[in-house]
Amino acid sequence: MIRVGVIGLGYWGPNLVRCFSELPNSKVTMVCDRDVDRLIRLTERFPGIRPTESVDDVLSSDLVDAVVIATPTQTHHQIAARALDSGLHTFVEKPLATSSAECRDLIQRAAANNVRLFVGHVFLHSAPVNKLRELIDNGELGEVCYISSTRLNLGPVRQDVNALWDLAPHDISIMLHLLGEQPTAVSCTGLAHLNRRVHDVCNLTLHFRDDRLGIVHVSWLDPHKKREMTVVGTRKMAVYDDLQQEKVKVYNKGIDAPSHSSDFGGFQYSYRYGDTYSPWINESEPLKAECAEFIRSIIDEEDSLTDGVNGLQIVQVLEAADASLRHGAARVELNQELVAPDLVAVAHV
Ligand SMILES: NC(=O)c1ccc[n+]([C@@H]2O[C@H](COP(=O)([O-])OP(=O)(O)OC[C@H]3O[C@@H](n4cnc5c(N)ncnc54)[C@H](O)[C@@H]3O)[C@@H](O)[C@H]2O)c1
């Protein structure tokens, strides 16, 4: 039984407490928040868990084997570094940290202390995303031309990070997973309407090898809640709508260009309108699957898909996108060697 301490009981933390409490091989033994009202509400709902206002209490307790950090992004590195140095397996909510230097530091501390570092890229543990990956891997969609996504809602507005760092880690992590590689370059535009220093709306373009594109639109200033991703392949197209009952739909649609034509009149595109179907998906709660994977990685002493290196890869894209945002949507190249092989080796010992 892995004993878990959860730090941060705001909007998201209580969901993590519930999931770890419901797993057969983990139990939440401690919770921590600076806000006493939140501690009281949580322990009323989950009696038997020891509450504390102090992070140090959790990190020095002999009641915990692992910690889950669900505090604001700006605090992730500071709390996670201390947790790793205390010899605790550490789950950090997304994004892993506020810079790639911080992520590298956490990866090295996890390796030095021989503990697991895990990041909350929850969608990489979700059945619809696994289904999209399967449709790509088995060739049903053909070659992927581009992936576009929209993640919109009215709020919640954050003060410590912009909409890009708050919302786009989900879309970026899914796109990198589906395409199996880092982008070569990014560009990003945005609008900072409510607070001059914090962007509320961002449009991020990710350039991948072979002219493949990822387009991410995020906003917390929109009347509609949308969680949609479209994968356009040379054979078929797939749409993943996380708000629908049937989350993935496959469209046998496309446009084929003639291989060659000697005259302009003969150059005709042919449109394909075929069937649409919704593949069966073995749905389980993604958050619970994510928590189960963290516990499995501890028990099996094996890294997970969403380990520290994965956290670093997403933060590198966010950093480059931020640089583009500050320089009028300039194209920012991503060094393919940024995730240094030595760091990957360190993380996977
Ligand atoms: N995976 C997802 O879908 C998802 C969804 C929402 C939020 N998140 C992530 O979860 C994290 C928290 O987000 P939230 O919306 O719950 O934020 P929140 O502001 O609602 O809650 C944060 C909590 O942390 C507490 N806190 C802050 N610093 C602390 C400290 N030093 N010691 C103890 N407690 C401290 C605050 O009092 C607050 O209760 C963020 O990293 C966010 O990106 C992930």
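K.L.:
Any chance you could explain the environment of Val 67 here in plain terms?
P.N.:
Along the chain, Val 67 turns up in strand E4 (residues 66-69). The buried category is assigned to Val 67, around which 26 C-beta atoms lie within 10 Å. Residues Val 67 and Val 4, spaced 63 residues apart in sequence, show a C-alpha to C-alpha distance of 5.5 Å. Not counting residues within four places of it along the chain, the set of residues in contact with Val 67 comprises Gly 5, Ile 7, Val 58, Ala 83, Leu 88 and Thr 90.

K.L.:
How do you make sense of the site of the ligand when you look at a structure like this?
P.N.:
Around the ligand lies a shell of 23 residues, among which Gly 8, Gly 10, Tyr 11, Trp 12 and Glu 93 are the nearest. In terms of residue class, the shell around the ligand is made up of 9 nonpolar, 7 polar and 7 charged.

K.L.:
How do you make sense of unusual backbone geometry when you look at a structure like this?
P.N.:
At the junction of Lys 94 and Pro 95, the peptide bond is cis and its omega measures out at -15° in the coordinates. For Pro 95, the location among the structural elements is in the loop between strand E5 (89-93) and helix H5 (100-113). That bond from Gly 155 to Pro 156 is cis: its omega, -10°, falls within 30 degrees of zero. Relative to the helices and strands, Pro 156 is located in the loop between strand E7 (144-154) and helix H7 (163-179). The backbone phi angle of Asn 114 is positive, close to 55°, even though this residue is not glycine. With respect to the secondary-structure elements, Asn 114 resides in the loop between H5 and strand E6 (117-120). We note that Asp 210 has phi near 60°; this positive angle belongs to a residue other than glycine. Within the fold, Asp 210 resides in the loop between strand E9 (201-207) and strand E10 (213-219).

K.L.:
Just checking my understanding: could you explain the sheet that holds E4 for this structure?
P.N.:
Note: strands within a sheet are paired through backbone hydrogen bonds, in either parallel or antiparallel orientation. Taken in spatial order, the 6 strands line up as E3-E2-E1-E4-E5-E6 in an open sheet, and their pairing is parallel. The open sheet has two edge strands, strand E3 (50-52) and E6, and neither has a second partner. Averaged over all adjacent pairs, the angle separating strand axes in this sheet is 25°, with direction ignored. With 4 bridges connecting them, E5 and E6 associate as parallel partners. Looking at E6, one finds that Glu 93 is bridged to Gly 120.

K.L.:
Is there a simple way to think about the sheet that holds strand E12 (residues 237-241) in this case?
P.N.:
The strand order E14-E13-E12-E11-E7-E10-E9-E8-E15 describes an open sheet built from 9 strands, whose pairing is mixed. Of all strands in the sheet, those bounded by a partner on one side alone are strand E14 (270-277) and strand E15 (332-333). The pairing of strand E13 (residues 248-256) with E14 spans 6 bridges and is classified as antiparallel. Across the sheet, residue Tyr 251 finds its bridge partner in E14, namely Thr 276. Each of strand E8 (185-191), E9 and E15 touches helix H9 (residues 308-326); the most contacted strand, E8, lies at about 55° to it.

What counts and how
- Residues numbered from 1 in each chain as written.
- Predicted model: local features only at pLDDT ≥ 70, side-chain atom pairs only at ≥ 80, totals over all residues.
- Helix = DSSP H or I, 4+ residues; strand = E, 2+ residues; numbered from the N terminus.
- Buried ≥ 20, exposed ≤ 12 C-beta atoms within 10 Å, placed from the backbone.
- Contact = placed C-beta atoms within 7 Å.
- Near = placed C-beta within 6 Å.
- Nonpolar A, V, L, I, M, F, W, Y, C, P; charged D, E, K, R; others polar.
- Pairing = 2+ DSSP bridges.
- Axes fitted to C-alpha atoms, helices over the stretch in contact; angles between N-to-C directions.

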